[in-house]
Amino acid sequence: LNDSFSIDEYNGYLRLVTTVSPVSSGVTGIARFFSGDTEERNQEDSNSLYVLDENLEIAGEIHDLAKDESVYSARFMGDVGYFVTFKQVDPLFSVDLSDPSDPEIIGELKIPGFSEYLHPYGGGQLLGIGMDVDEEGVTTEGVKLSMFDISDPANVTEASQLVLENMYGTDVAYNYKSVFVDVERNLFGFRAYGSQSDVYYIFSYDAAEGFKEVFSREVTGYGEARGLYAGEKFYLIAGNTVESYTLAGFEKIDDIVLGSIEPASVE
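Residues numbered from 1 in each chain as written. Predicted model: local features only at pLDDT ≥ 70, side-chain atom pairs only at ≥ 80, totals over all residues. Heavy atoms only, no water.

A. Representation of the environment of A225. Counting through the fold element by element, A225 comes out in the loop between β17 (210-219) and β18 (226-230). Remark: the alpha-carbon pair of A225 and F190, spanning 35 residues in sequence, is separated by 7.5 Å. Those residues in contact with A225, other than ones at most four positions away along the chain, are D171, S178, R191, Y200, I237 and A238. (Helix = DSSP H or I, 4+ residues; strand = E, 2+ residues; numbered from the N terminus. Contact = heavy atoms within 4.5 Å.)

Laid out in C-alpha cells, this is it:
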C-alpha cells in the first residue's frame, strides 16, 4: 500500500489499491535457484485493486493495471475510486466500485508528471499536488498543481495546471497532514522545497482563470511548515517561528520566535 488513502471502507466493503512487486531475489530467489526452479518470471511491477467483504474474502478484483509502474496517490470517493501510477507519464485511473463483485476501470487520463496527493475539491473537481516531469520521465521540471474535472468519472480531464519551476518537492509528498485545504474558502497551502529557498504557498482556484497564488512566504528551519486559520487570522508555523496574517488579503499582523524554555526545578 502506498499510504492510508490507498485503502478505505465503504458500505461494509474494504477497498484497496496496491502495487505488486515480483519476488525474485533474497531468500525466496535463492530457494528457487537451489530447488531447480528456473522458470522465467515477470520482473515488472503491476498494480491490483481488491474489494473485500466483511469476512475479508475477495469479493471483486482487478489485476495487471499499469504494468511497470507504481501507485503514487489514491482517493476513494463513494462508488468511484481514483488512483495515479507513474513511470514516465501520469495515468489517473477512475474505477467504478458500485458493484463490489465487479469493479471496473472506466477511465484513464495520461498526462506528463505525477500527482503525489489527491484531494476532493467539490463541484466535480479533484486537486492533485505532485511533480512535473519531462517526456522521458527522468528530470523533474518543478512542483505541479493539477485540477481534474471528475464530473464524468468515465471521462476525466485535466481542467487546469500550474508548474512551480525550480521547486523539487513538497511536504505533502511525505505527510498529507502538512497540506492546508479549505474547500469552502477556496484556499490550499503547502511548503515547497526549492534550489534557492523553501517557500510556503497558498493558492485559490477559479474554473475560468485557473490557479491563483494569493500568498507566498520564504520559510527556513527544519521539519514541516504548517498553515491553519482561527477566526479571521491565518497562522504560519515554520521551525521555531509563528507568524499571523489577516485571512482576507494575508497582511502580516505579528510574529513570535519561540526559544528554549528551562524546566522548572522540583524541590
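B. Structural view of the environment of F148. Positionally, F148 belongs in strand β11 (residues 140-149). Since its relative accessible area comes to 1%, F148 is described here as buried. Taking C-alpha positions, F148 is 7.2 Å from S160, a pair spaced 12 residues apart along the chain. (Buried < 20%, exposed > 50% of the residue type's maximum accessible area, 1.4 Å probe, protein only.)

C. Spatial organisation of the layout of surface pockets. Of the volumes computed, that of the largest pocket is approximately 160 Å³. Residues belonging to the lining of the largest pocket are distributed by class as follows: seven nonpolar, three polar and two charged. (1 Å grid on protein atoms, 1.4 Å probe; cavity = no way out; pocket = protein on both sides within 12 Å on 5 of 7 lines; lining within 4 Å. Points joined across faces, edges and corners; volume = space filled by probe spheres on them. Nonpolar A, V, L, I, M, F, W, Y, C, P; charged D, E, K, R; others polar.)

D. Layout of the side chain of D171. For D171, the location among the structural elements is in the loop between β13 (167-170) and β14 (180-182). Although D171 lies buried, it forms no salt bridge, and the closest oppositely charged side chain, R191, sits 4.6 Å away as judged by the N-O distance. A polar contact of 3.1 Å, which involves the side chain of D171, links it to the backbone nitrogen of A225. (Lys, Arg positive; Asp, Glu negative; His and termini not counted. Salt bridge = Lys/Arg side-chain N within 4 Å of Asp/Glu carboxyl O. Polar contact = N/O pair within 3.5 Å; in protein donor to acceptor, adjacent residues only side chain to side chain.)

E. Quick look at unusual backbone geometry. At L56, a position not held by glycine, the phi torsion is positive, near 60°. By secondary structure assignment, the location of L56 is in the loop between β3 (46-52) and β4 (58-65).

F. Just the packing of aromatic side chains, in detail. Per the counting criterion, the structure on display carries 20 aromatic pairs. An aromatic cluster of at least three residues, connected via ring pairs, comprises Y121, F188, F190, Y201, F203, Y205 and F211. Taking the ring centre of Y229 as reference, the NZ or CZ of R185 above it sits at 4.6 Å. (Phe/Tyr/Trp six-rings, centres within 6.5 Å; stacked < 30°, edge-to-face > 60°. Lys NZ or Arg CZ within 6 Å of the ring centre and 35° of its normal.)

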